[in-house]
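The residues making up each chain are set out below.
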Amino acid sequence: MIEIELDGKKVEVQEGSMVMHAADKAGTYIPHFCYHKKLSIAANCRMCLVDVEKAPKPMPACATPVTQGMIVRTKSDKALKAQQGVMEFLLINHPLDCPICDQGGECQLQDLAVGYGSSASRYQEEKRVVFHKDVGPLISMEEMSRCIHCTRCVRFGQEVAGQMELGMIHRGEHSEITTVAGDTVDSELSGNMIDICPVGALTSKPFRYSARTWELSRRKSVSPHDSTGANLIVQVKNNRVMRVVPLENEDVNECWIADRDRFSYESLNSDDRLTQPMVKQNGEWQTTDWTTALEYVGRSLTEIKREHGAASIGAIGSAHSTVEELHLLAKLVRGLGSQNIDHRVRHADFTAPEGVRWLGTSIASLSSLQRVLVVGSFLRKDHPLFASRLRQATRKGAKVHSLHAVQDDWLMPLASSITVAPSAWVQTLAEIAAAVAAEKGATAPVSANVTDAAKAVAASLLSGERKAVLLGNAAAQHPQASGLLSLANWIGEQTGASVGYLTEAANTVGAQLVNALPGEGGLNAQQILTGSLKAVVLLNTEPAFDAANPAAAVRALQGASLVVALTPFKNAALDVADVLLPIAPFSETSGTFVNAEGRAQSFHGVVKPLGDTRPAWKVLRVLGNVLGLDGFSQETSEEVRAEALGDVATIPARLSNKTSVSAKPAATATALERVSDVMIYAADSLVRRATSLQLTKDARPPVAGLSASLWAELGLNGTAAVRLKQGDAIAVLSAQLDPTLAANAVRVPAGHPATAGLGSLFGPITVEKA
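Residues numbered from 1 in each chain as written. Predicted model: local features only at pLDDT ≥ 70, side-chain atom pairs only at ≥ 80, totals over all residues. Heavy atoms only, no water.

A. Spotlight on the layout of surface pockets. The computed volume of the largest pocket comes to approximately 1000 Å³. If you go around the largest pocket, you meet 29 residues; those closest to its centre are K381, K697, D698, Q736 and R747. Elements with a contribution of two residues or more to the lining of the largest pocket: α9 (379–382) and β31 (729–737). Looking at the lining of the largest pocket element by element, the count peaks at 3 residues for α9. If you add up the space inside the second largest pocket, you get close to 840 Å³. Looking at the second largest pocket, it is lined by 32 residues, and the ones nearest its centre are R152, I194, D195, I196 and C197. If you list the elements that add at least two residues to the lining of the second largest pocket, you get α5 (192–196), β10 (203–204), β12 (231–237), β13 (240–246) and α6 (259–263). Classifying every residue of the lining of the second largest pocket gives 15 nonpolar, 8 polar and 9 charged. (1 Å grid on protein atoms, 1.4 Å probe; cavity = no way out; pocket = protein on both sides within 12 Å on 5 of 7 lines; lining within 4 Å. Points joined across faces, edges and corners; volume = space filled by probe spheres on them. Helix = DSSP H or I, 4+ residues; strand = E, 2+ residues; numbered from the N terminus. Nonpolar A, V, L, I, M, F, W, Y, C, P; charged D, E, K, R; others polar.)

So this is what it looks like as structure tokens:
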């Protein structure tokens with residue numbers, strides 16, 4: 001530690017720190033624009049000039065290292081005069097139109113100009129004008145004349161998002177931030193550039209000119225999308241969500257959020273919202289009141305139970321639902337005498353877990369890992385913020401290895417990537433285990449040949465200190481998911497690596513904690529969605545997009561006597577439902593999500609429910625009362641949470657990735673196999689209805705990815721289309737050459753209308769030239 005004097009106060013900071021870090025520690029504010037604690041130091045705005053004793057001229061606080069005994073003055077005449085001079089230069093070309101700027105009221109330049117700017121300008125020449133740019137549906141660059149060239153957006157792209165989408169061209173007052181080639185900004189983290197821009201150059205296109213910052217109420221919430229559990233500030237005007245920005249939480253999302261966390265709020269105000277209960281009578285939909293709808297559901301469920309038995313009733317709950325909702329759904333089904341309840345709608349292996357599956361380590365620790373093996377993950381699109389943390393780890397020298405059927409660009413250097421079809425994942429993991437066993441002189445769990453690729457991964461995992469084996473969404477949904485976990489656990493034990501699932505949805509861990517899983521003799525999600533139950537209750541689920549086999553799920557539900565859909569959207573289950581009950585999305589209800597690391601995060605509704613919408617936990621509680629079931633007398637969501645989770649402090653003890661299942665490699669497949677990613681803006685009902693997200697590059701219609709050998713075999717050219725067949729199901733998609741695909745794998749995205757008619761996410765598939 002080094003001691004310096006800052007404005008007369010003694011401050012101790014770590015050696016190698018800058019004066020700015022010492023000021024932060026002392027609580028002293030130094031004006032700045034280009035400095036950001038999460039980005040590298042650029043020192044190009046010069047606003048943070050301070051007076052350092054014995055220095056011949058003012059020094060930038062962000063780029064001046066501390067030395068023992070250094071004396072710094074931030075408020076001396078020398079410092080203030082330098083800062084005022086910099087401000088005058090910054091305002092020379094800046095348009096003086098704060099009243100019409102979308103950043104007005106929350107602009108760093110505007111705030112600092114009050115303290116450091118002059119009341120009149122000495123500049124008489126014409127101000128420069130920078131031509132606006134169109135970089136896509138999320139970020140507005142309409143007012144680039146306001147840019148002060150702090151380069152925060154450029155550094156964010158390089159260092160956090162992993163791709164330099166924006167850069168600076170020209171010099172001096174001709175400098176310009178641009179995409180250079182006129183491309184769009186397509187990063188899944190791009191919206192963070194809006195937050196870190198200190199002026200009105202980069203603004204939110206969906207929010208632009210819709211409200212003033214001082215008109216907005218700010219309320220805390222938690223993201224309902226992926227398993228990060230990103231903390232949010234939801235900004236509200238007139239009972240309407242107007243904007244979403246990050247709430248800083250260093251242990252969870254740092255100060256970033258993914259674009260789907262930021263822009264999915266558009267769906268909350270969409271025309272697709274269901275605002276009144278609806279019942280289908282004689283094939284026609286009719287709106288009704290809550291009492292009539294719930295009595296109809298209660299009467300129908302009672303009759304079905306009496307005529308066909310409780311085992312003919314089942315429920316599917318989405319892991320994007322809260323702990324409280326899933327707990328009451330499971331309690332309702334079990335109260336009726338059935339054990340048919342599940343949330344694993346995209347899974348193919350339903351082996352009963354021996355504990356609650358989780359990340360196996362803390363989210364924050366991902367940034368400091370030294371060795372990582374990621375199995376079956378479309379990492380960037382499935383978990384944007386986890387990918388960002390692993391990217392940070394690689395910048396510090398971490399070695400990341402991938403096992404998958406395809407190698408997407410994760411925007412980080414990979415130490416190695418093993419690419420094999422899904423049916424060979426267990427065998428390949430067994431080879432890595434055998435290589436570890438050979439190095440340690442242990443007995444491998446499965447006999448397998450040791451390949452050079454497996455040796456490289458094993459040697460890497462046996463070196464270093466902080467290590468993890470991470471199983472992605474595709475590994476969790478894999479037909480041999482238990483075998484993959486078994487081998488991953490063995491490798492983890494032998495190498496000292498933590499083992500865990502990245503986990504799919506906002507509340508995947510919470511769904512397991514409240515036992516939204518089939519009990520003894522109960523049917524799993526696949527059996528419920530492809531079987532012949534008489535009554536099914538769907539919570540936040542769209543069978544046509546969420547199921548592992550959408551076509552089979554729709555057929556099965558259409559054959560049921562009663563399908564009750566609790567959903568915020570009227571078109572979510574129109575093709576299969578008999579009753580639609582309007583429930584509140586996360587912004588209109590209180591609840592709890594448990595993220596990948598087992599952190600329970602509760603939140604309140606930020607606006608009143610729209611129309612006759614009601615929180616799902618209240619609907620389920622009242623439905624329990626209508627059915628005459630015990631234990632449905634809760635008055636608040638806090639009561640439900642206490643009943644569902646018990647003592648939150650005991651959650652870590654309930655988390656376990658152990659399994660007693662032994663791995664059995666599948667026979668080598670010779671046929672083509674499907675590998676499926678769920679498109680980032682098709683992963684849940686909110687993002688599917690967010691207008692701006694659906695205009696992005698990531699939301700374009702899916703294409704069939706074909707390996708180089710299959711592309712050549714079919715004789716395709718650049719604009720080819722192919723006919724895909726899974727059983728009786730057929731879909732025609734544009735084809736795309738993907739040289740990173742395993743030779744006998746075909747990549748077909750899921751969660752989109754174009755592929756909803758096909759079969760399961762894994763398994764044989766036939767491809768023909770269309």
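B. Seen up close, the packing of aromatic side chains. According to the stated counting rule, one finds 3 aromatic pairs in the structure shown. Relative to F762, the ring of W425 has its centre 6.4 Å away and its plane inclined at 80°; by these criteria the two rings are edge-to-face. Taken together, the residues W425 in helix α11 (residues 425–440) and F762 in the loop between β32 (745–747) and β33 (763–764) connect sequence positions 337 residues apart. Looking at F762, the relative accessible area reads 8%, which means it is buried. (Phe/Tyr/Trp six-rings, centres within 6.5 Å; stacked < 30°, edge-to-face > 60°. Buried < 20%, exposed > 50% of the residue type's maximum accessible area, 1.4 Å probe, protein only.)

C. Expanded view of unusual backbone geometry. We note that N239 has phi near 60°; this positive angle belongs to a residue other than glycine. Judged by relative accessible area, which is 40%, N239 ranks as partly exposed. For T503, which is not glycine, the phi torsion reads 65° and is therefore positive. Under the relative-accessibility criterion, T503 is labelled buried at 6%.

D. Molecular detail of the nonpolar core. In this structure, F33, M47, I139, F156, L166 and L202 are the most contacted members of the largest nonpolar core, which totals 73 residues. Elements with a contribution of two residues or more to this core: α2 (77–92), α3 (108–116), β7 (139–141), α4 (152–161), α5, β12, β13 and α22 (685–688). For this core, the element with the highest residue contribution is α4, accounting for 5 residues. Non-local contacts of M47, meaning those with residues more than four positions away in its chain, are made with P31, H32, F33, Q83, V86, M87, L90, L112 and Y116. In terms of nonpolar packing, the next biggest core, distinct from the first, is built from 48 residues, A315, A511, L513 and A535 among them. (Core = buried A, V, L, I, M, F, W, Y, C linked by side-chain atoms within 4.5 Å. Contact = heavy atoms within 4.5 Å.)

E. Quick look at helix α7 (residues 290–308). Given a rise of 1.5 Å per residue, 19 residues ought to cover 27 Å, and the 26 Å separating the end C-alpha atoms of α7 matches this to within 8%. Buried residues in α7 make contact with β14 (278–281), β16 (313–317), β23 (535–539), β24 (562–567), β25 (579–582) and α19 (616–626). For α7, the side-chain oxygen to backbone nitrogen distance between the N-cap and T291 is 3.1 Å, and the N-cap itself is D289. Positive backbone phi, approximately 90°, marks G309, located one or two places after α7. (Expected span 1.5 Å × (residues − 1). Polar contact = N/O pair within 3.5 Å; in protein donor to acceptor, adjacent residues only side chain to side chain.)

F. Region of interest: the pairing of strand β3 (residues 49–52). Neither face of β3 is open: one carries L49 and D51, the other V50 and V52, and all of them are buried. What sits between the antiparallel neighbours β3 and strand β4 (residues 59–60) is a turn of 6 residues, in which K54 has the positive phi angle 80°. Strand direction decides the pairing type here: β3 and strand β5 (residues 71–73), joined by 2 bridges, are antiparallel. When the bridges of β5 are listed, V52 appears paired with V72. (Pairing = 2+ DSSP bridges.)

G. Spotlight on the domain arrangement of the protein chain. Each domain of the protein chain was delimited in the assignment, giving domain 1 (31–57 + 72–204), domain 2 (278–352 + 508–648), domain 3 (363–501) and domain 4 (673–769). Just the C-alpha atoms count here: the centres of domain 2 and domain 4 sit 30 Å apart. Counting residues at the interface gives 15 residues for domain 2, matched by 17 residues for domain 4. Both faces combined, the contact of domain 2 with domain 4 buries some 1300 Å², and carbon together with sulfur accounts for 58% of it. When the buried surface of domain 2 facing domain 4 is broken down by residue, R346, F545 and F569 rank first, second and third, together holding 41% of it. Linking domain 2 with domain 4 are 3 salt bridges, by the criterion used here. Across the pair E542 and R689 runs a salt bridge, and its minimum N-O distance is 3.0 Å. The interface formed by domain 2 and domain 4 includes 6 residue pairs in polar contact (both at pLDDT 80 or more). (Domains from an automatic or database assignment. Buried area = accessible area lost by both parts, 1.4 Å probe. Salt bridge = Lys/Arg side-chain N within 4 Å of Asp/Glu carboxyl O.)

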